Amino acid sequence: MSQSNGPAVESTDRQILELLAKDGRMSYTDLGRATGLSTSAVHQRVKRLEQRGLILGYGATVNYAEIGLPLTAFIAIRPIDPSAPDDCPERLVDMPEIESCWSVAGAESYVLKVRTTSPAEMESLLARIRSVANVSTRTTMVLSTYYENRPVR
């Protein structure tokens, strides 16, 4: 007996998800051509995928260096006092430099993906994170990004 890890996705829906992951602006007409469905059938399927929570949103791939945020880092954090409430995501939510926050297993509790304008701003951000969340940090600076946000396979 197989166990499901989430909602089943039939092959045509998976194809639609793959196409939209590559190009979130793809028209229903183009999706229909690629899948062999009518435009209205594709529209209904996309709406259903959104309602089921399989499509969470649509976004642009941004060139962060060109908009003044050339420095990316991953910051692993762990509470200084392990008996304190686990509320780091709530404490850090208002820091716009933090792009993503993941709860992780291992020595650290969370990993943050951050973007800043300079090493000095990164240093300031690290100090604010430590102070606001009462955590220790371990930082990995990104030197180059070869690919990111790859589409679903």
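Our subject is the structure listed above.
About the thresholds
- Residues numbered from 1 in each chain as written.
- Predicted model: local features only at pLDDT ≥ 70, side-chain atom pairs only at ≥ 80, totals over all residues.
- Heavy atoms only, no water.
- Pairing = 2+ DSSP bridges.
- Helix = DSSP H or I, 4+ residues; strand = E, 2+ residues; numbered from the N terminus.
- Buried < 20%, exposed > 50% of the residue type's maximum accessible area, 1.4 Å probe, protein only.
- Contact = heavy atoms within 4.5 Å.
- Polar contact = N/O pair within 3.5 Å; in protein donor to acceptor, adjacent residues only side chain to side chain.

1. Remarks on the pairing of strand β1 (residues 71-79)
- Pairing geometry for β1 and strand β3 (residues 110-116), over seven bridges, is antiparallel. The residue of β3 that forms the bridge with Ala73 is Val114.
- Direction of pairing for β1 relative to strand β4 (residues 135-141): antiparallel, over a ladder of seven bridges. Across the sheet, Ile75 pairs through a bridge with Thr139, a residue of β4.

2. With respect to the environment of Glu121
- Topologically, Glu121 is positioned in helix α5 (residues 119-133).
- Overall, Glu121 belongs to the partly exposed group, its relative accessible area being 22%.
- In contact with Glu121, other than residues within four places in its own chain, are Glu97 and Thr116.
- In terms of polar contacts, Glu121 uses its side chain to reach the side chain of Thr117, at 2.4 Å.

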